[in-house]
Amino acid sequence: MQVLIINGSPRKNGVTAAVLHRIEKNLQKADVEVFFYNLGELKMSHCTGCNYCYRTGHCCIEDDAELLSKRIEEADGIVLGSPTYASNVSGLMKDFIDRGHFVIEQLLHKKYCIVVASGENYGSQDTLKVLKNLVLFSGGRLSGKLRIQSTFNDIEGMLRKRQEQIDYVSQRFIRGMRCKQYYPFQSIVHFFIFHLGIKPFVKKKGTLYQGVRERWSKLGIV
């Protein structure tokens, strides 16, 4: 099995990274192949909103965001983590979401996922919701979620309090991938989102969204 862990924080050694590295350690103990990416280290331009990807199936900007999206296609599981900035995901994570072929193109189709949101106050629940919806709307299977409230940079204190929870979510994630676990409620939610919202919209666009239709055919969605 292969898992990609994506740190949406510009800080490589902050609380978000510490949680993600703990998950990484648990995965490696279970002989899972893990690739860890810090978005802050990647070359990633802003989305220009040109819709080129919808027509062709790939972005007109050839940088690390496009390469990482291709890596996600090949992986069995994805872990997405972001700190909370202004009650939302970080700017880095938002750029990646915009560039990553997620919702319309169903990048996470049947992939097992964990989402992690960190922050000092209630705004982290909004960050977690953004990441949860991203997985569900993009066709993923949400195996676990972690909302980590922690004093800024208090990594040791956070791990003392939350290490057991992080380990538990990691193990659920591993079991889910190995057993091909099915989540009925999530599947129902995605069915209505896709068939009543996304699919009719793309169909109405015709050849302007030809790249999207080809990707769906490749995934066996339609």
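In case you missed it, the structure is sitting above this.
Residues numbered from 1 in each chain as written. Predicted model: local features only at pLDDT ≥ 70, side-chain atom pairs only at ≥ 80, totals over all residues. Heavy atoms only, no water.

Peer 1: Break down the pairing of strand β4 (residues 112–119) for me, with residues and values.
Peer 2: Here β4 lies mainly inside the structure; 8 of its 8 residues are buried. Here β4 shows two buried faces, one formed by Y112, I114, V116 and S118 and the other by C113, V115, A117 and G119. Sheet topology places strand β3 (residues 77–83) next to β4; 7 bridges connect them, and they run parallel. Bridge pairing in β4 places V79 opposite I114. Direction of pairing for β4 relative to strand β5 (residues 141–149): parallel, over a ladder of 8 bridges. Residue pairing across strands places C113 opposite L142, the latter belonging to β5. In terms of handedness, the path from β4 via helix α5 (residues 124–137) over to β5 forms a crossover that is right-handed. (Buried < 20%, exposed > 50% of the residue type's maximum accessible area, 1.4 Å probe, protein only. Helix = DSSP H or I, 4+ residues; strand = E, 2+ residues; numbered from the N terminus. Pairing = 2+ DSSP bridges. Right-handed = clockwise from strand over helix to strand, strands pointing away.)

Peer 1: Tell me what's going on with the packing of helix α1 (residues 15–29) against helix α6 (residues 155–179), and back it up with residues and numbers.
Peer 2: When two helices pack together, their arrangement is given by the angle between the helix axes and by the axis-to-axis distance. Following both chains from N to C, one finds α1 and α6 inclined at 40 degrees, their axes separated by 9 Å at the closest point. When the interaxial angle is binned, α1 and α6 end up oblique. Like other packed secondary-structure pairs, α1 and α6 cross with a definite hand, here right-handed. Together, V15, A18, V19, R22, I23, N26 and L27 of α1 and I155, M158, Q163, I166, D167, S170, Q171, F173 and I174 of α6 make up the contact between the two elements. Grouping the amino acids of the contact of α1 with α6 by side-chain chemistry returns 10 nonpolar, 4 polar and 2 charged. (Axes fitted to C-alpha atoms, helices over the stretch in contact; angles between N-to-C directions. Parallel < 35°, antiparallel > 145°, perpendicular 65-115°, else oblique. Left-handed = near helix turned anticlockwise from the far one by under 90°. Contact = heavy atoms within 4.5 Å. Nonpolar A, V, L, I, M, F, W, Y, C, P; charged D, E, K, R; others polar.)

Peer 1: Provide a residue-level description of helix α4 (residues 91–99), including the pertinent values.
Peer 2: Buried within α4 we find M93, D95, F96, I97 and R99. Where the residues of α4 are buried, they touch β1 (2–7), α3 (64–74), β3 and α5. At the C-terminal side of α4, H101 shows a positive phi close to 60 degrees.

Peer 1: Which residues make up the pairing of β3, and what values do they have?
Peer 2: The buried count for β3 comes to 7 of 7 residues, which makes it a mostly enclosed element. With 5 bridges connecting them, β1 and β3 associate as parallel partners. The residue bridging I6 from the neighbouring strand is L80, located in β3. In this fold, the crossover linking β3 to β4 by way of α4 has right-handed handedness.

Peer 1: Mind laying out the nonpolar core, listing which residues take part and the relevant values?
Peer 2: Judged by nonpolar contacts, the single largest core of 27 residues is most densely connected at I6, I72, I78, M93, F96 and L108. Secondary structure elements with two or more residues in this core: β1, α3, β3, α4, β4 and α5. Per-element tally for this core: the top contributor is α5, with 5 residues. If near-sequence neighbours (up to four positions away) are discounted, I6 is found in contact with L20, Y37, L39, L68, I72, I78, V79, L80, G81, M93 and F96. Of all hydrophobic cores here, the second largest spans 25 residues; its members include A18, V19, L20 and L27. (Core = buried A, V, L, I, M, F, W, Y, C linked by side-chain atoms within 4.5 Å.)

Coordinates in, geometry out; function isn't part of it.
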